[in-house]
Amino acid sequence: MYAISVTNLSYSHNSFSPPALRDITLHLPPGSRTILIGANGAGKSTLLQLLAGKRLVTSFGADVRIEGRDVFRDSPPGVTYLGTEWAMNPVVRSDIAVSAFLDSVGGYHHKERRDRLLDILDIDLDWRLHTISDGERRRVQLCFGLMAPWQILLLDEVTVDLDVLVRDDLLRFLKADSEERQATILYATHIFDGLNDFPTHIAHMRFGTLVESPTHWPISNSSAQFSASSSLHSIALSWLKDDRAYQQGHEKQGMKTRGARKNEVPRALSPETFYKKYDYSH
């Protein structure tokens, strides 16, 4: 049984938008740690949210399962999703001590793991959530999300606010936890430094499609494009350059152009006129 199994998955945010995901199929074994690589807007976050059951798929023929259970009709236990939107929740910006917050979400049930994470993430239990920085608030989120043992961990750019030392310690913890319990991680990130020893697989998404299905990492010598000594950073950079070239090729064929528009006629609009036009205070 695969830990994560997705077949024929397509998804649109609404009927007026182009598909955010197109015919995604992937299968991840238990204990795997897969890095999702792709430019902004490639569909990585949407895929992770669907796997977490945060969005409903209605497309015909789509099958999304975690440990054999339908994500939408038979929600599997042991799935943890950590995304970037958490830090903007007003609850975690209120005047409450970190110790009280963690106790309120059951930290006392998982004290051993909670205490280990407090040390790894360098968290002060006396911090008050409304006074700490975004990076410190992110550490609290990670402790909150990881202190209960998980079987499937879905990470969406949650290490972006961490300093390099805390991030390295956290990745070591996640790797050891995955190996010890044969737990599975799917991780979307744009930060590849220090990740070479973390994944078991890498995958490439582009404009809602899976260009490269999950491939064993490190790559084999049989790869035509990369050598076995290629770093994860260099491979990600190469794939993203390919994505940009692919986009530019489609723009020449009539797709909407990004960036500067050569034939654009600038309009003179003073700051006073602009703010008057968009002033909704009256």
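- The name given to the protein chain in an unreviewed UniProt entry is ABC transporter domain-containing protein, with Laccaria amethystina LaAM-08-1 as the source organism.

Thoughts on a nonpolar patch on the surface
Here is step 1 of the chain: The grouping of Leu 269, Phe 274, Tyr 275, Tyr 278 and Tyr 280 at the surface amounts to a nonpolar patch, some 620 Å² of accessible area in total.
Here is step 2 of the chain: What makes Phe 274 partly exposed here is its relative accessible area of 37%.

Regarding the pairing of strand β1 (residues 4-11)
Here is step 1 of the chain: In this sheet, strand β2 (residues 21-28) lies alongside β1 in antiparallel orientation, the contact comprising five bridges. Each bridged residue has a counterpart across the sheet, and for Ser 5 the counterpart in β2 is His 27.
Here is step 2 of the chain: Where β1 meets strand β4 (residues 63-66), four bridges bridge the pair, whose relative direction is antiparallel. Considered in β4, the bridge of Ile 4 is made with Ile 66.

Some points on unusual backbone geometry
Here is step 1 of the chain: Along the chain, Trp 217 connects to Pro 218 via a cis peptide bond; the corresponding omega equals 0 degrees.
Here is step 2 of the chain: Looking at the secondary structure, you find Pro 218 in the loop between β10 (209-216) and α6 (232-252).
Here is step 3 of the chain: Non-glycine residue Glu 67 carries a positive phi angle of around 50 degrees.
Here is step 4 of the chain: The phi dihedral of Asp 122 is positive, around 55 degrees, even though this residue is not glycine.
Here is step 5 of the chain: Inspection of the secondary structure puts Asp 122 in the loop between α3 (111-120) and α4 (134-146).

Structural notes on the environment of Phe 16
Here is step 1 of the chain: Along the chain, Phe 16 falls in the loop between β1 and β2.
Here is step 2 of the chain: Phe 16 gets classed as exposed once you look at its relative accessible area, which sits at 80%.
Here is step 3 of the chain: With 148 residues separating them in the primary sequence, Phe 16 and Val 164 have C-alpha atoms 41 Å apart.

So, the packing of aromatic side chains
Here is step 1 of the chain: Evaluated as defined, the whole model comprises three aromatic pairs.
Here is step 2 of the chain: In this structure, Arg 33 packs its charged tip against the face of Phe 198, placed 5.8 Å from the ring centre.
Here is step 3 of the chain: Directly above the aromatic system of Tyr 246 lies the positively charged group of Arg 206, at a separation of 4.5 Å from the ring centroid.

Overview of the sheet that holds strand β3 (residues 33-37)
Here is step 1 of the chain: Pairing in this open sheet of six strands is mixed, and the strands run β6-β7-β8-β3-β9-β10 from one edge to the other. Looking at the sheet topology across the chains shown, the edges are occupied by β6 (79-82) and β10. The sheet shows a mean angle of 15 degrees between the axes of neighbouring strands, taken without regard to direction.
Here is step 2 of the chain: As paired strands, β6 and strand β7 (residues 152-156) are joined by four bridges and run parallel to one another. Paired with Tyr 81 across the two strands is Leu 154, which belongs to β7.
Here is step 3 of the chain: The sheet contacts of α4 involve β6 and β7, and relative to β6 the element is tilted by about 170 degrees.

Remarks on helix α1 (residues 44-51)
Here is step 1 of the chain: Counting buried residues in α1 gives seven out of eight residues, a clear majority hidden from the surface.
Here is step 2 of the chain: Within the sequence span of α1, burial applies to Lys 44, Thr 46, Leu 47, Leu 48, Gln 49, Leu 50 and Leu 51.
Here is step 3 of the chain: Positive backbone phi, at 75 degrees, marks Gly 53, one or two positions downstream of α1.

Let's talk about the nonpolar core
Here is step 1 of the chain: Counting 44 residues, the largest nonpolar core has Ile 35, Val 140, Leu 146 and Leu 174 as its most contacted members.
Here is step 2 of the chain: Secondary structure elements with two or more residues in this core: β3, α2 (98-104), α3, α4, β7, α5 (164-181), β8 (184-188) and α6.
Here is step 3 of the chain: For this core, the element with the highest residue contribution is α5, accounting for five residues.
Here is step 4 of the chain: Among residues more than four places away in sequence, those in contact with Leu 174 are Leu 146, Trp 150, Leu 153, Leu 155, Ile 185 and Phe 198.
Here is step 5 of the chain: Residues Ile 24, Val 57, Val 71 and Met 205 belong to the second largest nonpolar core, which totals 28 residues.

Here we look at the sheet that holds β2
Here is step 1 of the chain: With antiparallel pairing, four strands are arranged side by side in an open sheet as β2-β1-β4-β5. The open sheet is flanked by β2 and β5 (69-70), the only strands paired with a single partner.
Here is step 2 of the chain: Pairing analysis gives two bridges linking β4 to β5, with the strands arranged antiparallel. Bridging from a neighbouring strand, Arg 65 pairs with Asp 70 of β5.
Here is step 3 of the chain: The sheet contacts of α1 involve β1, β2 and β4, and relative to β1 the element is tilted by about 120 degrees.

Thresholds applied
Residues numbered from 1 in each chain as written. Predicted model: local features only at pLDDT ≥ 70, side-chain atom pairs only at ≥ 80, totals over all residues. Heavy atoms only, no water. Patch = residues over 30% accessible without salt bridge, like charges linked within 9 Å, V, L, I, M, F, W, Y side chains within 5 Å. Areas by Shrake-Rupley, 256 points an atom, 1.4 Å probe, with all protein chains shown as cover. Salt bridge = Lys/Arg side-chain N within 4 Å of Asp/Glu carboxyl O. Buried < 20%, exposed > 50% of the residue type's maximum accessible area, 1.4 Å probe, protein only. Pairing = 2+ DSSP bridges. Helix = DSSP H or I, 4+ residues; strand = E, 2+ residues; numbered from the N terminus. Phe/Tyr/Trp six-rings, centres within 6.5 Å; stacked < 30°, edge-to-face > 60°. Lys NZ or Arg CZ within 6 Å of the ring centre and 35° of its normal. Axes fitted to C-alpha atoms, helices over the stretch in contact; angles between N-to-C directions. Contact = heavy atoms within 4.5 Å. Core = buried A, V, L, I, M, F, W, Y, C linked by side-chain atoms within 4.5 Å.

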